[in-house]
Each structure stands twice: as structure tokens, then as C-alpha cells.
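Read off the chains here:
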Amino acid sequence: MPQREVSALTPIEAQIRHSELAAQITAADEAYYGQDAPVMDDAAYDALRQEVLAIEAAFAHLKSPTSPTQKVGAGAGSHFAKIVHAVPMLSLDNAFARDDVAEFAARMGRFLGINEEGTIPLTAEPKIDGLSASLRYERGVLVHAATRGDGFEGEDVTANMRTLPDVPHILPAGAPDVLEVRGEVYMDKSDFAALNAAQQNEGKKLFANPRNAAAGALRQKDARITATRPLKFFAYAWAEVSTMPADTQMGMVAYFKQCGFTTNPLMQLCNSVDEVQAYYEHIAHIRSQLPYDIDGVVLKVNVLALQQQLGFVARAPRWAIAYKFSAEQAFTRVEAIEIQVGRTGVLTPVARLEPVNVGGVIVANATLHNEAEIARKDIRVGDTVVVQRAGDVIPQVVEVVLADRPAHAVPYIFPDVCPMCGAQALREGADVARRCTNEATCPAQMVGRLIHFVSRLAFDIEGLGERTLESFYEKGLIRTPADIFTLQARNAENFTKIDNMPGWGAQSLANLWASIDARRSIALNRLIFALGIRHVGEVTAKDLAAHCYTIEAFLTLMQDENALEQLTSINGVGETVAQALVQFFAHEGNMHQVQALLQHVQVQPFAAVGAAANGPFAGKTLVFTGSLETLTRDAAKAKAEQLGAKIASSVSKKTDFVILGAGAGSKKLEAERLGVAILTEAAFLERAQG
């Protein structure tokens, strides 16, 4: 459920809350996908996403490519070589109630022009809580295996996957020339318990849960260690296939079983929402008896031709959904409220809790979001609160138990100065977030920006973790991004003396230098994201890089006197993002840091990922108008996007094609006035089919 009533939000409050949620979700994605160390469980994560969706439903302008609802996963780690997925590994949208499933079915029916329930059969199967992997076979031989990564690029874990008994090295005769099988790597509950018992006997760190243990085992540098871990693999999906062995989801999974893969015997076909609900309730009932962890049920359209028609949205297929289980809750006491300062200066309150076991996980901290959230829930030190299970670090406070409030509890007074540097912390206008005004020298902001700079989706420099960067910052060794790339030279000249610091020996230093040197060449989109510009996330960075292509063109645009107007003409870049970009590059100190960085790194031109980069509408902006006859409007847009197009809602000088349906009006006239190319529906389909 949303943390605040969306109807009570002003547009500015909605934008601020949306940004806060986006930051929390991005951090959770990085921890879950990139570090195998989740900071919240699925229920808490889903609650954040539901709040984002509710806000976007009420404030449509906030739904942009930067939104966490439009992306999935986190970047591939640097332990392994990278593999670009031939077909992106996307996530799934979520359902939490029967009505959500009914709307999912109805939405597909509207898209396809099918109104009668039961004519779109759905497969249903348990949603395994593991690590997604993709296996590529060529001429029947396993050639490589990769993790999900950020959905577009994953880690090469071929040697490790070969150690799993559920993964055949060679497929039976007659297999397609190219077959990419996808599924979930997991660890049984009993095997997990045995592994943790062994870890405890050896005095080693215990794993938080089976998924964490499975992910850690799969991502071992030494495949011999992976071979000693009891990992398993369920096959349930596919990517690139040269010749389809079946025309249904059930048929494809049956084929995987024929090839020697393990598939889930609980998978079944449902012909109505009622049947889906009955299946869901059955799986929920036997959940605790299953040998592996699950967090819901996955529903997919069974007929592959319908899947093809339905296509995809930004981060998920239209033809599948995850029907999730409810969150687990517990009671505990607030022992203290502390303030953390992020890289953008936002002061975030955190509740220190009396440790409590919530669904098998010990939690001791909870984010309180902001000043307004504390006031709205009236959270006080000493209060008993309901917390929702949220993994290793930060759970969610649901509500205060007022009946148990102690007499000495007083309202919390939010600080108006930064606890890190003492500068004023102000709220701008109706902004619910209070920010430290000392952007230039606040140590928390400076360290936060450095941590962001080396994160997986940015420069991805292994060896420069949060504690290391904090230590290097305190000692004056790294204060700006450019300092990272001069660190080795300064250390060699005995200016930094890292060799004498605890924990740093010859091998650890050699590893650090190698990690830094590996990032002296960086893709343009990663560099833009790494700069930590407010409101510029991973997707917006890619949009900017795709528009500018080179670092030279990007910097020229940023310093143009008409930059604001040009930026807002780029698909995916709204006025808020454009203003943040202009303000960032207008700051002399920021430009100086960027120029200093460019003395040490080479920025590669942007390269689009995926087969659609060479499609007939690749890179083109299309506008649809009028009533289409062959396809629904949504289906036509989906087809265009699959072919590399960007879809706009209005005609401008940036539009490449306007697709006309029956009854086209003002958009046709505007296209004619601007000289934009016009295609009939038939002409569009002819081009689309090549």
C-alpha cells in the first residue's frame, strides 16, 4: 500500500516523493542484483514499487524512462567478463490481489481485441526466489552462460554453470542451431541449512537466505568452489531460438525437460481468473512445505503467437505477471532516530530498532523517509511500531502502536542543520526533503558522490567500497573522481603511503590498480550516470548518450546557451531533468572536475544494445494518429518499439514519421506543416516486415 495518500499530494510533493522512492529502489536493485546482499525483502521492495506506480497513475508526467518502473536489475559485476544478452532479460510487473490479475487479463484482452474471458489461457508456476541465468547453446553445445546483470549485460558464469547437475552440456540430436534457455539458479532450504551449519562450524559468515547463498556460490571466481555448493536450476523460459520446438509456453517447457533440464512439475494451465486464484491459494497453502523458497506465482500467456503480439513495455512483457505473496510483519521498539546525509544533500531519518525476527530475518533499522513522514506517522523514540519484513538492513515502518506509547515519548524535532558539516539544512518551497546547503564541501555529500561514481552502473571499480572511500577521503587521498585515476602514481611517489595502511598489502594494491586501470575507458552513458547529476538515472543517461553519441557533443550541448530548449526536445528528458543538467554544468566546480576526469579516461561513443539497433525504424521517432484497422494502437506502438523506434505523443520537428489511421486530424495537419514524413498503416506494416 502507498505510504501516503496520493490524493493528498501536491504536484511538487509527488515529484519529491517519486524521486525519493526512485533512489531507494535503485539502491535496492544494486544491492540485490549486483552485490547479492539484499537490503529489503521482496514484499518491502514491492511496496515501494506500488507507491511509485500509484504516484505515476495520478501524476502521469512523472512516468519517464528515469522511473524505476521502466528498468530492471543492476549492472554486471567486475569479477567476470561481460556478456551482452541477445534478447534483454526483463523483469515482471506485479499483482497483489485477484482484482489485479483480472485487470491484467482484461488489459491483454483489450490490447488484442479479445473480450471473452478464457480465450487467453495462462500458465501458472511458482516464482522461485533465486538468481536468473541464461544459457546459450549453439549446435547443441553449451557455449556460454550469463547472469541477468542489468537486463542488457550480464556476467559470464559459464564455467560455474557447467558444475550444476541440472545443466546439460550437450543437447539431444535435433536441437535448434541456436537455443538460449533461461531459468533460476537456487538452493534448497535443507541444503542451505547444512551450508550455514558448516559455515558456523568453520567460524565463517552465515548467509542471510538461500538466494543469497546461491548467488554467492554461482559468482565464485573459482568454479571448483561452485562445484562444492548444492546449486540447482529450474528452466522455464528462453531468449534467442533459431527454430521454435513448440508454439506454446507449456510446449516449450516440456521440450526443455526432453533436453535434460529440470522443470517445475507444479506448472499448470489456467483457463480463467478463478482457476488462477485457486492455483495461487493452493501454492500459498503448500509454500512452507516446498523444498525451495518462493515469493509468488508467475502467470504467462500460453500461446506464443499471442505473446508476440502483446510484446513488451520498458521493463516487462505485457504477457506475463508475478502474483506476489503478502508481506510479513512484526512489532518492535524505536530506540533512536538518526540522520543520514546522501550525495544530493538530502537528510534522511533512520529509526534504530530493538532487533526483531521478522519472517526469519533479524532487522534493526528502518528508513523513515523524511521529515513529513515522521510527522504524518508521529513516530517517536520509545514507540512500539509495526515493521514489515525487509531483509538485512532497512525494513519498513508501517505504523505506530499508539496504545503502547510511553508517557515520556515526545515528538521528534527534525534538525535544521546538517549533522555532518553544520551547514543549514533547508526545505525549498513545498519540498518535503530537507537538504544540506553545503554542496561544495559537505563530507557526506562528497563521499556519497564518490560512492555513486564507482558503483556498478557507473564506473564499476572493484576494491573501492564505501568504507575504503570514506577512509581515503578522510586521509585526503581521494576527494574528486580524477583523484581515483592519479592514486597509483601518487602512491608510487610515496605521496599517499597506502602501503602502510592496515589491510593493504602488495596483492590488494595490485588488484586495486588493475580495477582502476580497467575503467580508464568508459562508455558515454556510464560516464553521464557516474557524474551523479540530480534526477539523471541510468535510463536518462542512455537517452542523453544516444542523442549526443560522443562526449564532445554532450559537453557542447551542456554549454550551449539554448541547452534547456534542446534538452527538453530529447525523448525521455523533461523540464526537471533538463534544468538539473543545465544547473550542474553551469557550476564552475563541476565543470572543472569533469575536465580533470577527462584527462585520465577515454570516453567511448554510445552504442545501442540489441538487435533493434538495426531495425527499419531504429532511432526514429514515430507518432501514431487516427484509428488503425489491422492492429490496435497499443500493438502498433509495441511493434514499432521492438524495431528500435521511439514513440512520441505529439508532432514536432524531431518527429521522423507520422503513422496515419482513419480519422486523423490535427496531427496530420501539423506533420504536413512541418514537412514530416507521413505513412499509412499499410506502409508502416510493409516497412516493419522488411
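Residues numbered from 1 in each chain as written. Predicted model: local features only at pLDDT ≥ 70, side-chain atom pairs only at ≥ 80, totals over all residues. Heavy atoms only, no water.

Draft legend 1. Layout of the environment of Ala-197. Residue position: Ala-197 is located in helix α5 (residues 189-201). Separated by 357 residues in sequence, Ala-197 and Phe-554 place their C-alpha atoms 54 Å apart. (Helix = DSSP H or I, 4+ residues; strand = E, 2+ residues; numbered from the N terminus.)

Draft legend 2. Main features of the packing of aromatic side chains. Taken as a whole, this structure holds 19 aromatic pairs when the rule is applied. Taking the centre distance of 5.9 Å and the plane angle of 90° together, the rings of Tyr-137 and Phe-261 count as edge-to-face. Placement of the pair is Tyr-137 in strand β4 (residues 131-138) and Phe-261 in the loop between α8 (249-258) and β9 (268-270), with a sequence separation of 124 residues. Residue classification places Tyr-137 among the buried residues on the basis of a relative accessible area of 0%. Each ring, one from Phe-234 and one from Tyr-292, has its centre 5.5 Å from the other, and the planes form 85°; the classification is edge-to-face. Here the residue Phe-234 occupies a position in strand β8 (residues 231-241), and Tyr-292 occupies one in the loop between α9 (273-286) and β10 (294-301), the gap between them amounting to 58 residues. (Phe/Tyr/Trp six-rings, centres within 6.5 Å; stacked < 30°, edge-to-face > 60°. Buried < 20%, exposed > 50% of the residue type's maximum accessible area, 1.4 Å probe, protein only.)

Draft legend 3. Just the nonpolar core, in detail. Counting 58 residues, the largest nonpolar core has Phe-459, Phe-472 and Phe-585 as its most contacted members. The biggest single contributor to this core is helix α20 (residues 575-586), with six residues. Sequence-distant contacts of Phe-472, that is, excluding residues within four places in its chain, are made with Leu-464, Leu-477, Ile-478, Leu-487, Ile-498, Met-501, Trp-504 and Leu-512. Among the nonpolar cores identified, the runner-up in size contains 37 residues, and Met-108, Tyr-280, Tyr-292 and Trp-319 belong to it. (Core = buried A, V, L, I, M, F, W, Y, C linked by side-chain atoms within 4.5 Å. Contact = heavy atoms within 4.5 Å.)

Draft legend 4. Here's a closer look at the confidence of the model for the protein chain. Residues at a pLDDT of 70 or more form 91% of the protein chain, whose mean pLDDT is 86. Contacts from residues 73-78, a stretch scored under 50 in pLDDT, to residues over four places away or in other chains number 33 contacts. (pLDDT = per-residue confidence, 0-100.)

Draft legend 5. Looking closely at the sheet that holds strand β7 (residues 178-187). Taking strand neighbours across the sheet as the criterion, the four strands line up as β5-β4-β7-β8 in an open arrangement whose pairing is antiparallel. Of all strands in the sheet, those with a lone pairing partner are β5 (141-147) and β8, marking the two edges. Neighbour-to-neighbour, the strand axes of this sheet turn through a mean angle of 25°, independent of strand direction. Where β4 lies against β7, eight bridges are found, and the strand directions are antiparallel. Across the sheet, Ala-133 pairs through a bridge with Gly-183, a residue of β7. The sheet strands contacting α8 are β7 and β8, and the helix crosses β8 at an angle near 125°. (Pairing = 2+ DSSP bridges. Axes fitted to C-alpha atoms, helices over the stretch in contact; angles between N-to-C directions.)

Draft legend 6. Region of interest: the pattern of salt bridges. Overall, the coordinates contain 27 salt bridges when judged by the stated rule. Between Arg-136 and Glu-240 there is a salt bridge, and its shortest N-O distance comes to 3.0 Å. Note that Arg-136 is positioned in strand β4 and Glu-240 in strand β8, a separation of 104 residues in sequence. A residue is classified by how much of its surface remains accessible, and Arg-136, at 12% relative accessible area, is buried. Among the salt bridges present, the one from Glu-670 reaches Arg-673, with a minimum N-O distance of 2.7 Å. On the criterion of helical spacing, the pair formed by Glu-670 and Arg-673 is a turn pair, its members being three residues apart in helix α23 (residues 666-674). With relative accessibility at 25%, the residue Glu-670 sits in the partly exposed group. Using a relative accessible area of 59% as the deciding quantity, one classes Arg-673 as exposed. One network of salt bridges, with partners in common, ties together Arg-136, Glu-138, Glu-180, Arg-182 and Glu-240. (Salt bridge = Lys/Arg side-chain N within 4 Å of Asp/Glu carboxyl O.)

Draft legend 7. Seen up close, the pairing of strand β24 (residues 677-680). When strand β23 (residues 657-660) meets β24, the two strands line up parallel, connected through four bridges. Residue pairing in the sheet places Leu-660 in a bridge with Thr-680 of β24. Tracing the backbone out of β23, into α23 and back to the parallel element β24 gives a crossover that is right-handed. (Right-handed = clockwise from strand over helix to strand, strands pointing away.)

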